Amino acid sequence: MADSDLANLSDQLALGAVLLYVVAMVGYALDLGFGRRRAGSAETERAEREAPAKVLVGTAGAETTETTETAKAAGAPAEGSEDDEPATERDWGRFAVLINVLGWGAHLGMLVTRGWAAERWPWGNMYEFLSAIAFAAVTAFLVVMARYKARFLGAFVMLAAVVALGVATIWLYTPVGPLVPALKSYWIAIHVSAAIVATGAFTVAGVSTVLYMLRSRRPAGETGGGTLALLPGADTLDRLAYKVTMFAFPIWTFAIIAGAIWADEAWGRYWGWDPKEIWSFVTWVIYAGYLHARATAGWKGRRAAVISLLAFAALLFNFFGVNYMFSGLHSYAG
Amino acid sequence: MTETRQAPAAEAVPQGREPRPRGLGVTGWLRWGWRQLTSMRTALILLFLVALGSVPGSILPQRGQAPERVVEYLDEHRTLGPWLDRLSLFDVFAAPWFAAIYILLFVSLAGCVIPRTRQHWRAMRSQPPAAPRVLSRLPQSARYETDRDAAEVLAEARRLLRGRRFRVADGDGSVAAEKGYLGEIGNLAFHLALLVLLFAVAAGALFGYRGNIVLTEGSGFANSLAYYDQFTPGRQFSPDRLAPFSLRLEDFRADYVKDGERRGQPLDYSATVHYRERPDAPEKTYDLRVNHPLAVGGAKIYLLNHGYAPRFTVRDGQGNVAYRGAMPFLPIETRTYTSEGVIKAPDARPEQLAFQAVFWPTAVADTRNKQVLSAFPAPLNPTVSLMTFKGDLGLDSGTPQSVYRIEGIGKTLQPVRGGARLLRQGETFTLPNGAGSITFDGTQEWISLSVNHDPGRLPALAAAVAAILGVIVSFMVRRRRLWVRATPGKGGRTVVEVGGLTLGNPTAEFEDVVAALRRDEPRAPTGSDDDTEE
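Residues numbered from 1 in each chain as written. Chains lettered and ligands numbered in written order. Predicted model: local features only at pLDDT ≥ 70, side-chain atom pairs only at ≥ 80, totals over all residues. Heavy atoms only, no water.

What follows covers the pairing of strand β14 (residues 338-345) of chain B. Residues and elements named next belong to chain B. Burial within β14 is extensive, with seven of its eight residues counted as buried. In the sheet, strand β13 (residues 330-333) pairs with β14 via three bridges, with the strands oriented antiparallel. Following the sheet pairing, Glu333 is matched in β14 by Thr338. Two successive antiparallel strands, β13 and β14, enclose a turn made up of four residues, where Tyr337 displays a positive phi of approximately 60°. (Buried < 20%, exposed > 50% of the residue type's maximum accessible area, 1.4 Å probe, protein only. Helix = DSSP H or I, 4+ residues; strand = E, 2+ residues; numbered from the N terminus. Pairing = 2+ DSSP bridges.)

Structural data, given as structure tokens:
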């Protein structure tokens, strides 16, 4: 197949992925709205409410601070029960997952054909980069869903993926082409891939944190109406965001370090406070702050979540703001 | 600042607002201040200040990166500029206030990590803590009865837990076990590695140097201060640290996309250089490319930029050669490599001559706008336009001049009437009124090189790798404590209680241990279940 055919195929697969994600989004939303309210979630919340009552007499005095943390976590096994929900007549959840996986396949195909057409890693410009981040976010969501039964995130992650792919296709589209010399290095596979994976995971954590912020406005256990009541408990959301951030943070650290090694190869210094470097550092520092805050009395909960959202904002700014507002060594992407 | 997992016993208090010391004297205040500094709250605030403090570095031009843009900015903002400058906002990462923030942060970090390292060292060498009285109140617990006697159960538990690489200690009718020390080791290693990283970066900046050199094809340099166009030494640098290598540029090639939408986009740059490690060493050849620096004598040499250096011969009114050479021009548009530059001929008589020139590598006529354009960045049809000036170049005044600019136009230098001309390669322009001539002899290319020596590079890399391994280990390994207690129960049976405490979220390991303990038991209705069911 000629390169131009492959490139066209890539563009069509992008369109296909968007359409499938839109359908999946609707499916997930229907699942949230009309899927049988799981007994499991109620169970989880009940366990969470009761758990802190089990005050532990610390064995070494040091334990007292994290007792509540651990005790809350004790509710975790109950989460599993939502999976046991009996198949409803229309199982929107399963339908959404199926469509989502199909969309993911189209998305993967889009990246592969793009890379094939260009005969290089398909992250050489903003269009490719954003598409890959959307792919990483969807992948991270699928993994999180499989591991932590977090189907409730589906509609929101699909929305984010559709917006990202839409922005990429409408405003950032760049025809297939070769790389500028500065990007010709095997480090692009290491540094940029790590940045993409971390950004995708941070996106899922961000979605979970936003939902946590919305959910935690209502005191735990109070069952009110509205869409929010369809979500799992605030603690579940908070814990999920934390776990995903813990996964993404070392990868982000690695991306920065790999970038520094590459910068040392390409520009003659490993760290030069280029705008991109500054903002990835800022992002790293704020996420580090979040990880610490979440384990600190007086900061955990909503305050920590605000920090996490700040970090995510810095991450987004690093991607869009830095590339379009500042001139720096990373600005070939514009 | 590393209270992520575990508040050290000594620091259990400073979470909240501590009462201020009253009448404690200097020592009391110092201790209070130290505890404030090493508290997590302070560390968090300092972290945010570091993040916040970095932001102006990306918004305002910085001296370290683009000194010329700082000058420009100061020029444009006459009132605001000096104030920003007073706050070191054009030098954020070398600013005293920025240093204050990160030094405080690192002192806070050290003040937390070092005591914790000691504490963890002790914990690793001491016995696991004895079983709490009521195991059923632990986050994970189980209870069952068995026919085996207590001693047998405990012996089995010991064997099992040792087999699972727990550290095991005997209590009164109970067994205590602990594992997962690696998590805290990783955590401490991460934070200590950050301290090492800071020192490595600082050492590199102190003892290293960085310099820029422009070379045209055929020219070379020796590694001494005289050759550098720009040189930034570290504070502890001395010129005898310059390794005695030399380098000569033979040829530079740039490849561009030849057609299609991306016509003119660069594909590859490559410079053939010859170098000697020492003056008496044999000459070697290297293909210098972007992403492929040349390592020589402890320094690294990078290909940073390139451009055109048209070659001219200038003859003065008396027919003597007043200038002959290749003059680097600066690209004004990188897509087409339209460049500009000046040629100065101070030796020209009776009057000195100067030319302001624009260079088009592939000149084409834009008929509609009646101007010349460059259609391609490679030199397919090199053409220059010249403006001639004569008079006094002002080179004898003692003030240093840029080689890229002519000073004193309209004052000491006057434009020559009829002195503007478009010249293709090989052509000669005879100046009016017998003032002389200029010949466009050919086109060469120049490259700019960055020579960089940073002794902190490898230590920084090692610290960064340690940091990342540390953070991964600390996230993956959690400290787990497990207790088994066996007491004689009714009817000669033995009641076994198991309790588990994991930092962070519980793991499935607890259930595995309980299942293994009960492997030989028939399923008893008394049940061993996770306590969440209760």
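Right, let's get into the sheet that holds strand β7 (residues 246-256) of chain B. Neighbouring strands of a sheet are bound in pairs by backbone hydrogen bonds; such pairs are parallel or else antiparallel. Residue and element names in this part refer to chain B. Reading across the sheet, the four strands line up as β5-β7-β8-β9 and stay open at both edges, with antiparallel pairing between neighbours. If you trace the sheet from one side to the other, it starts and ends with β5 (220-222) and β9 (284-289), each paired once. The mean inter-strand angle of the sheet, taken between neighbouring strand axes irrespective of direction, is 25°. (Axes fitted to C-alpha atoms, helices over the stretch in contact; angles between N-to-C directions.)

Attention now moves to the pattern of salt bridges. Applying the stated rule across the entire model yields 29 salt bridges over all chains. In this structure, Asp264 of chain A and Lys300 of chain B form a salt bridge, with 3.8 Å as the shortest nitrogen-oxygen distance. Here Asp264 of chain A is found in helix α8 (residues 234-266), whereas its partner Lys300 of chain B is found in strand β11 (residues 299-316) on a different chain. A residue is classified by how much of its surface remains accessible, and Lys300 of chain B, at 16% relative accessible area, is buried. (Salt bridge = Lys/Arg side-chain N within 4 Å of Asp/Glu carboxyl O.)

All names here are of chain A. Tracing the backbone shows Thr203 in helix α7 (residues 187-215). Note on Thr203: relative accessible area 14%, which makes it buried. Taking the C-alpha atoms as reference, Thr203 lies 10 Å from Leu309; in sequence the two are 106 residues apart.

Residue and element names in this part refer to chain A. The N-to-C vectors of helix α5 (residues 126-148) and α7 enclose an angle of 55°; their axes lie 7 Å apart at closest approach. Between α5 and α7, the angle is such that the two are oblique. As α5 runs across α7, the sense of the crossing is right-handed. Two secondary-structure elements touch here, α5 through Phe129, Ala132, Ile133, Ala136, Ala137, Ala140, Phe141 and Val144 and α7 through Val192, Ile196, Val197, Thr199, Gly200, Ala201, Thr203 and Val204. Partitioning the contact of α5 with α7 into residue classes produces 13 nonpolar, three polar and no charged. (Parallel < 35°, antiparallel > 145°, perpendicular 65-115°, else oblique. Left-handed = near helix turned anticlockwise from the far one by under 90°. Contact = heavy atoms within 4.5 Å. Nonpolar A, V, L, I, M, F, W, Y, C, P; charged D, E, K, R; others polar.)

Residue and element names in this part refer to chain A. Contact geometry of α7 with α8 gives a least axis separation of 7 Å together with a crossing angle of 155°. Regarding the angle of α7 to α8, the classification is roughly antiparallel. Viewed along their axes, α7 and α8 form a crossing whose handedness is left-handed. Residues of the contact of α7 with α8, tallied by class, amount to 29 nonpolar, six polar and three charged.

This next bit is on the confidence of the model for chain A. Looking at chain A as a whole, its pLDDT mean stands at 80, while 77% of the residues score no less than 70. Counted against residues more than four places away or in other chains, residues 38-88 of chain A, with its pLDDT under 50, gives 79 contacts. (pLDDT = per-residue confidence, 0-100.)

Another point: the interface of chain A and chain B. The interface is formed by 65 residues belonging to chain A together with 71 residues belonging to chain B. In total, chain A and chain B occlude about 5,700 Å² of area from one another, counting both sides; carbon and sulfur atoms represent 65% of this. The interface formed by chain A and chain B holds three salt bridges in total. A salt bridge links Glu265 of chain A to Lys300 of chain B; its shortest N-O distance comes to 3.6 Å. Put simply, chain A and chain B have ten residue pairs in polar contact (both at pLDDT 80 or more) between them. Elements that contribute at least two residues to the side of chain A that touches chain B include exactly α3 (64-73), α8 and α9 (275-293) of chain A. (Buried area = accessible area lost by both parts, 1.4 Å probe. Polar contact = N/O pair within 3.5 Å; in protein donor to acceptor, adjacent residues only side chain to side chain.)

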